[in-house]
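Below, each chain spelled out in residue letters.
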Amino acid sequence: MDVLIDKLVKTRKFHRCFGCNETIPEKTDGIRFTKLANEGRVYSTYTCARCEEWIKNNHGYFEDGEYYRGDIKEAMVESGEWKSVEVGEEAQ
Ligand SMILES: [Zn+2]
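Overview of the structure.

Parameters at a glance
Here, residues in each chain are numbered from 1, in the same order as that chain's written sequence. For a predicted model such as this one, the threshold for reporting local features is a pLDDT of at least 70, and the threshold for listing and counting side-chain atom pairs is 80 or more; totals across whole chains, interfaces and linings nevertheless cover every residue. Just so you know, side-chain values use all the structure's heavy atoms and leave hydrogens and water out. Any two of the Phe, Tyr and Trp rings considered here, Trp counted by its six-membered ring, make a pair once their centres fall within 6.5 Å; the pair's planes then place it as stacked at under 30 degrees, edge-to-face at over 60, or tilted in between. For helices the rule is a DSSP run of H or I covering at least 4 residues; for strands it is a run of E covering at least 2, with both sets numbered from the N terminus onward. Buried residues are those whose accessible area, probed at 1.4 Å on protein chains only, stays under 20% of the maximum for their type, while exposed residues exceed 50% and partly exposed ones sit between those limits. In this analysis a donor is any N, O or S atom within 2.8 Å of a metal ion (3.2 Å for sodium, potassium and calcium), and since water is not included, sites may seem incomplete. Just to be clear on the cut-offs, tetrahedral is four donors with all angles between 85 and 135 degrees, square planar is four donors and octahedral six with opposite donors over 155 degrees apart and all others between 65 and 115, and anything else goes down as irregular. When DSSP finds at least two bridges between two strands, those strands are taken to pair. A fitted line through C-alpha atoms serves as each axis, taken over the contacting stretch for helices, and the angle formed by two N-to-C directions is quoted from 0 to 180°.

**Overview of the packing of aromatic side chains**
This model, assessed by the stated rule, comprises six aromatic pairs. Each ring, one from F18 and one from Y67, has its centre 5.7 Å from the other, and the planes form 50°; the classification is tilted. Taken together, the residues F18 in the loop between β2 (15-16) and β3 (23-24) and Y67 in the loop between α1 (49-57) and α2 (71-79) connect sequence positions 49 residues apart. Of the two residues, F18 and Y67, both sit in the buried class.

So this is what it looks like as C-alpha cells:
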C-alpha cells in the first residue's frame, strides 16, 4: 500500500469518516485526508478528529496500522469510549 497524500485539510463538503463512518460536516478544520494506492486502486479517506485522537492513543492496535471502514468506531464501542452524539438519543 502506498500513501500518495496524507495531510490535514478543511472539508469543503460532507464526508464520511473512514474510522467511525460518521458524518464530517462541511467546513470542518483539521481533518486528515489520505489518498492511498493499493493493488491498482486508489482510495481517498477522511478521518475525523476523534478517530485521529484514538489512533494516536492506540498505536499498534491494528496490525500493520491497517483497518477498514468503521473499525475504529467498533473498537471504541468495545472499550466503552464511544459516546454517541446523534441527535435524539437519550442519555443513559
Ligand atoms: Zn471518525
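Following the structure, the description resumes.
**Concerning the coordination of the zinc ion**
Here the zinc ion is held by the protein donor atoms C17 (SG), C20 (SG), C48 (SG) and C51 (SG), which lie 2.2 to 2.3 Å from it. Taken together, the four donor atoms surrounding the zinc ion define angles of 106 to 114° at the centre, an arrangement classified as tetrahedral. Here the donor residues of the zinc ion are spaced in sequence according to C-x2-C-x27-C-x2-C. With C17 in the loop between β2 and β3 and C51 in helix α1, this residue pair connects regions lying 34 residues apart in the sequence. Each member of the pair, C17 as well as C51, carries the same accessibility label: buried.

**As for the sheet that holds strand β1 (residues 2-9)**
Read across the sheet, three strands follow the order β1-β4-β5 without closing on themselves; strand pairing throughout is antiparallel. Sheet topology places β1 and β5 (41-47) at the edges, where each strand pairs with a single neighbour. For this sheet, the mean angle separating the axes of adjacent strands, direction not counted, is 15°. Pairing of β1 with strand β4 (residues 31-38), which is carried by seven bridges, proceeds in the antiparallel orientation.

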